[in-house]
Every structure is written in C-alpha cells, then in structure tokens.
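Residue-level structural notes
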Amino acid sequence: MHYFLNGNALLSFDTGFGFWVFFTTIVFLWAMNKWLVPPIMSALKEREDRIRESLETAEKALAEAEKISRNNEKALKDAEITAQKIRKEALEDAEKVRNERIEKATQDAEKLLENARLKIEQEKKSALNELRNHVAELAVQSATIIIKSELDKEKSRHLVDSFIKDLSKKN
Amino acid sequence: MIYVVRRALATLFFLIVFGPVLLASNADTEQNSAPIDVMGKVTDHDYFELIFGAKVYLPRMFYSGGEWYFFRDTYSALDSGEFVRGEEGGIVRADTGESIAFDLSITSHLIYLWLSLILTVFITFMAGRKYKKGIGRDSEPKGALLNIFETLFVFIRDQIAKEFMPKDKYEKFVPFLFTIFMCIAFMNLFGLLPWAAAATANLTVTATLAIITFLVTQLNGTKDHWKHVFVFPGVPKWALIILTPVEILGLFTKPFALAIRLFANMLSGKIMIVCILGLIFVFTELFGAAIGVTSGVFWVLLTVALYFLKALVALIQAYVFTLLSSVFIGMAIEEHNHDHEDSSVANAKDVALQNH
Amino acid sequence: MSFIAAGFGAGIIALAAAFGIGMIGKSSVESIARQPEAAGDIRGAMLLTAVFIEGVALIGAIVCIILALGIGQ
C-alpha cells in the first residue's frame, strides 16, 4: 500500500520533516524559556506573594486586635478587682472604727460607773463617820444627862459601857 | 470509557469502510475511483489546502545525490526534468531512479506546526506585555483573553508541574510544559477544521515531540535517576542482570508510548469522521442513491457527535501528553529517599500497579 | 487472513482496554464515594492510570492496523 512506502508514510519517520519539527520546536521552546514565560511567571508570583503577604498581614493585625481587646478585658477585670478590694478595705476600716468607738464608749461608761461607785462609797464612809460621831456625841450627851440625873455612878458606868459595846458591835 | 467506545467504533468502521475502499483502489489504480481519499485527509502533502479547496503548493528543498535542490513546488521540480514522479507517489531522480535522501521540503503538517508554535508564542507575548504593563501583576487580570490565558497557565503550573515535580525544581519546566501543551492543543484543534489536518496525526511530529521530552528528561536527570536505571538500589546483584535491561528499555518505551498515543488518537479521530461520511458513498454504491442519501442524515448526525468528542479529545490528549511529560521529568529529577511515600508520582505508580 | 487477524486483534484489545478502564473507573468512583474530599487526587491518579492502559491498547491497535494494511508482505 503506497501510504506506507512513500515519503509521507503513515507509520514511518521522515528524517527531513523530523529535523524541521525538532529544529523549530527547539527554537520556539528556547525563546519561550528565555524571554516570554519568565516575566509572566515572575508577575504571577509577585501577585501571589502580595496576596499571601496581605493575607498574612491581615491575620497578624487581627491577632493584634484580639490581643489588645484581651488586654483591655484584663485591665477591666483588674480594675474591678482593685475596686472591690478597696471597698472591702473601706468596709473593714469602718468596722474597725465602729468597734473601737464602741469599746471606747463602753470603757468610758465603765469608768464613769466606777467613779460614781467610788464616790458613793466615799459618801457612805463619810456618812457613817458622821453618824458615828453623831452617835458618840449623842451618847456623851445622854450620858451627861444621865449623870446629871444623878443616878448611881456605878450603874451609869455600866450602862455607858454596854452602850458603847453595842455600838461598836453594830459597827 | 469514551476512549474504548471510540476506539472500538474506530476499528470497526476502519475495517468495514477502509477494506472496500482499499480493494476498490487496488482494482483500478489508474482511474483512482475511490470516492473519498481517506488517508489523503490525514497524511502529509506538498500543498497547503485553503478553505475553499484551493491548494497552495509549497516549496521543495531536498538533498539528493550529493547536491541540494530548491524548487518553487513539486511541479517545477518535475518540469526541470531532473526528477520524475515515483511509483509510490513521491518524486525520484530521473537519472538513477533513487528516492530523495534528505527531504527538507515545507509540507502542510509543517505549516500547521509552525502556525501552532507562532500562535503559542504570540499569545504568550501579548499576555506577557500586559503583565509587564502591570495588569495582572499589580491587579487582577482584565479581559476575557487574559483570564483564559492565566487560567491555562496556572493550570499547567499548579496541576501539572507542581503536582508531579519536586517543589524546588518545577519552575524550570513550566515554560517547556506550557509550550508543549499549547502547541499540541492548537495542532489538535486545527485538525477539527474540515479542510485542515492535525499535524499531530503525523507520527514524525509526535515522535519528535516525544524525543524532545526524552531529551529534556534525560538531560535533567539526577544522579539518583541514573542510579535507578543502571544499578537499581536495594536488589541483589544477580537481579540486576534482568533489571538493568528492563530499566534501559523503559527509558525508551516511555517516549515511544507518548508518541504513539497522541498519534493514534488524532489519526483515528480524523479517519473515523472521514470514514463515517464516506459511508454515504458506500451505501450509495451498494444500495442506490436513495438509501445512500437518506442514511446520510444519520451519518451526518453521528459525525456531529464525533466532532464534539474530537474537540474534547484534542484538549485531553494535549493534557495527557503534557501530564506524562511532567510525570517522566518529575521521576527523573526527583531525589529518591527510598521511601516512596510522599511523592505523588510514586503514589500514582502504586495506584497504577494496584489497578493492573 | 491478515484482515481476520486484525479484526480479532482489535476486538480483543477493545475488550481488554474496556476491562482495564472499567476497573479503574469502578475503584476510583468507589474511593471518591468513600472519601469525597480526596476526589481531586483520585481523579489525577485515575487519569494517569487510564492513560497507561490506553497507551498499551493503542500500541495493539497500531499492530492491528499494520496487519490490516499488510505491511511487510
């Protein structure tokens, strides 16, 4: 069959034509490799890098913002804690002051009471002394009266003695 | 699946249709009574066919008998008296009758190859100019064409190059893969034009492209690659007697399969369409004009369906050629660590082995 | 004779390639159904394997064409 035997055969390798194909393809490949494709590659790469970079930057910024907001929260919490502490301290102080006051008042009252008691005691003592003096005087007067009424000397003496004994016993 | 159906159909119709045509052409070669020149649609010619069937004859230049010859076209070569048409259709020397030794003539397939390459370069150049201007570099790409270009380019870069090659080396091969892909895709798509021919349906073209892939693969092969070829690590010494020839053979079968695959796919597509349309004439001859023309409706519808399939196959085959080139190069430039775990090539190979 | 051989050869090639590609399709669809997130990787591996089978089948088909066209006779 002539399709397989002549120069343009179906299943044969045509050297001259193959040379043309090889030569031109190599030339075009070289041109593509050298001049045409590299700028496209670099442009695409540049764009991709930029997109990646901006994505990364955005992510970083997001992380930063999150960090800041977390910090803010922390500060808020800290402030709250401090405020609570201060409040607590104030309450404690107030309590302390109140207690102190109460104590002082109690002490004062006790002191007053003590003073009053001491005074009463003193008064009582002085009243007793006075009473005693008065009684003694009364006794001396009564004795004088008795003596004056001329009674038996012996008898009156005995009377006075017993009187005084009673008195002292009473005291 | 589609391939198998297509291949089965192609073989069937090829044998049904081509047999009678061949027999007919054998019976009376002088009259050349075959209704359609089936193989003429896919083989190379010394003329470039234009849209309305006009033929532009291309210059011939060849080396024969120690001398270079240049002619405006085949007919001027014949007119010069130094050459006559040979028995097989080519031209031979008038004096000795020997055929041409080294034929550097411009042929139709070569024109389509050049057109594809020039289109590829032109598109890349236009896109590159826009990128240089800053569109696509500083902003998103503008315009449908630039977007299509960038989609294709990024597809080749990410899905083909980056996928099967080491991460630090793939950038070097993107221009090669992109050129090969665009060139083959354009050549295949030219084959869809009714008056044109797919240059990839020529074994010389596909074989040369495969040779270029082979050269790129071997010239960039690492030490590990050659070690795997000649002294496969991790096997006993006696096994090398079997393994080394197999590995060396494997070096050459890869580009061979690459060439044959593309060639056979493109050839079968065109032949199938021509044959199915040729069935109109076969039916006319067998059953009369009425049945022939009526059945023509069916054949034309089938051809339309096949055309869509062919458009798909044109792109798929370009993709497959590029993908396999990338896989082979990736295998050759990979630094093996003898744990074939983390390379997708090794994974794909494992999958292939399991499926076989 | 060579026409018959080519016809049978092409038939057997189609059968074998159909079986091979059918196996690939079956297992890959199964794996995609099992792991839909790995669909991209599986598709790539599927295509690659299908292409290997197709290459072998096409070489067989070329042998059939050679037989049918009687080269070497």
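Residues numbered from 1 in each chain as written. Chains lettered and ligands numbered in written order. Predicted model: local features only at pLDDT ≥ 70, side-chain atom pairs only at ≥ 80, totals over all residues. Heavy atoms only, no water.

1. A few points about a nonpolar patch on the surface
Nonpolar side chains collect at one region of the surface, where Phe13 of chain A together with Ile211, Leu215 and Leu219 of chain B lie side by side and expose about 390 Å² of accessible area between them. Within the element layout of this structure, Phe13 of chain A appears in the segment before α1 (15–148). (Patch = residues over 30% accessible without salt bridge, like charges linked within 9 Å, V, L, I, M, F, W, Y side chains within 5 Å. Areas by Shrake-Rupley, 256 points an atom, 1.4 Å probe, with all protein chains shown as cover. Salt bridge = Lys/Arg side-chain N within 4 Å of Asp/Glu carboxyl O. Helix = DSSP H or I, 4+ residues; strand = E, 2+ residues; numbered from the N terminus.)

2. Notes on the pattern of salt bridges
For the coordinates displayed, the defined rule picks out 9 salt bridges over all chains. One salt bridge in this structure joins Glu150 of chain B and Arg47 of chain A, with 2.6 Å as the shortest N-O distance. Placement of Glu150 of chain B in helix α4 (residues 144–164) and of Arg47 of chain A in helix α1 is noted, with the two residues assigned to different chains. Salt-bridge contacts for Arg157 of chain B lead to Asp158 of chain B; the nearest nitrogen and oxygen are separated by 3.2 Å. Judged by its relative accessible area of 23%, Asp158 of chain B is partly exposed. Members of the salt-bridge network, linked through shared partners, are Glu48 of chain A together with Arg157, Asp158 and Lys162 of chain B. (Buried < 20%, exposed > 50% of the residue type's maximum accessible area, 1.4 Å probe, protein only.)

3. Description of the packing of helix α9 (residues 289–333) of chain B against helix α2 (residues 39–69) of chain C
As a packed pair, α9 of chain B and α2 of chain C sit with axes 11 Å apart at the nearest point and diverge in direction by 100 degrees. Classified by the angle between their axes, α9 of chain B and α2 of chain C sit roughly perpendicular to one another. Across the interface between the two elements, Gln317, Tyr319, Val320, Leu323, Leu324 and Val327 of chain B of α9 of chain B pack against Leu47, Leu48, Val51, Phe52 and Glu54 of chain C of α2 of chain C. Per-class residue counts for the contact of α9 of chain B with α2 of chain C are 9 nonpolar, 1 polar and 1 charged. (Axes fitted to C-alpha atoms, helices over the stretch in contact; angles between N-to-C directions. Parallel < 35°, antiparallel > 145°, perpendicular 65-115°, else oblique. Contact = heavy atoms within 4.5 Å. Nonpolar A, V, L, I, M, F, W, Y, C, P; charged D, E, K, R; others polar.)

4. Overview of the packing of aromatic side chains
Residue and element names in this part refer to chain B. All chains considered together, the criterion is met by 24 aromatic pairs over all chains. For the pair Phe62 and Tyr69, a centre-to-centre distance of 5.9 Å together with 35 degrees between the ring planes defines the contact as tilted. For the residue pair Phe62 and Tyr69, the accessibility class agrees, reading buried in each case. Note on Phe149 and Phe178: the rings are 5.5 Å apart at their centroids and 80 degrees apart in plane angle, and the pair reads as edge-to-face. (Phe/Tyr/Trp six-rings, centres within 6.5 Å; stacked < 30°, edge-to-face > 60°.)

5. Some words on the environment of Ile100 of chain B
Residues and elements named next belong to chain B. Topologically, Ile100 is positioned in the loop between β6 (91–93) and β7 (102–103). When the C-alpha atoms of Ile100 and Phe176 are compared, they prove to be 34 Å apart, with 76 residues separating the residues in sequence. Setting aside residues up to four positions removed in sequence, Ile100 forms contacts with Arg60, Phe62, Tyr63 and Ile91.

6. Some words on the packing of helix α5 (residues 174–190) of chain B against α9 of chain B
Residue and element names in this part refer to chain B. At a minimum axis distance of 8 Å, the contact between α5 and α9 shows a crossing angle of 155 degrees. Considering the angle they form, α5 stands roughly antiparallel to α9. As α5 runs across α9, the sense of the crossing is right-handed. Between α5, through Phe176, Leu177, Ile180, Phe181, Ile184, Ala185, Asn188 and Leu189, and α9, the contact on the second element is made entirely by Ala314, Leu315, Gln317, Ala318, Tyr319, Phe321, Thr322, Ser325, Ser326 and Ile329. The residue inventory of the contact of α5 with α9, partitioned by class, reads 13 nonpolar, 5 polar and no charged. (Left-handed = near helix turned anticlockwise from the far one by under 90°.)

7. Description of α5 of chain B
Spanning 17 residues, α5 of chain B covers 24 Å between terminal C-alpha atoms, matching the ideal 24 Å at 1.5 Å per step. Across the 17 residues that make up α5 of chain B, a large majority, 16, are buried. (Expected span 1.5 Å × (residues − 1).)

8. As for the confidence of the model for chain C
Looking at chain C, the pLDDT average stands at 84 and 95% of residues meet or exceed 70. With pTM at 0.71, the complex prediction returns an ipTM value of 0.78. (pLDDT = per-residue confidence, 0-100.)

9. Notes on the sheet that holds strand β4 (residues 67–71) of chain B
Read from one edge of the open sheet, 3 strands run β4-β3-β7 (chain B), paired in antiparallel fashion. The sheet is open, and its two borders are formed by β4 and β7 of chain B, each paired with just one other strand. (Pairing = 2+ DSSP bridges.)

10. A look at the interface of chain A and chain B
Contacts between the two partners involve 39 residues from chain A and, on the opposite side, 60 residues from chain B. A combined buried area of about 4400 Å² lies between chain A and chain B, and 74% of that area is made up of carbon and sulfur atoms. The interface formed by chain A and chain B contains 3 salt bridges. Salt-bridge contacts for Arg157 of chain B lead to Glu48 of chain A; the nearest nitrogen and oxygen are separated by 2.7 Å. The tally of links between chain A and chain B comes to 5 residue pairs in polar contact (both at pLDDT 80 or more). (Buried area = accessible area lost by both parts, 1.4 Å probe. Polar contact = N/O pair within 3.5 Å; in protein donor to acceptor, adjacent residues only side chain to side chain.)

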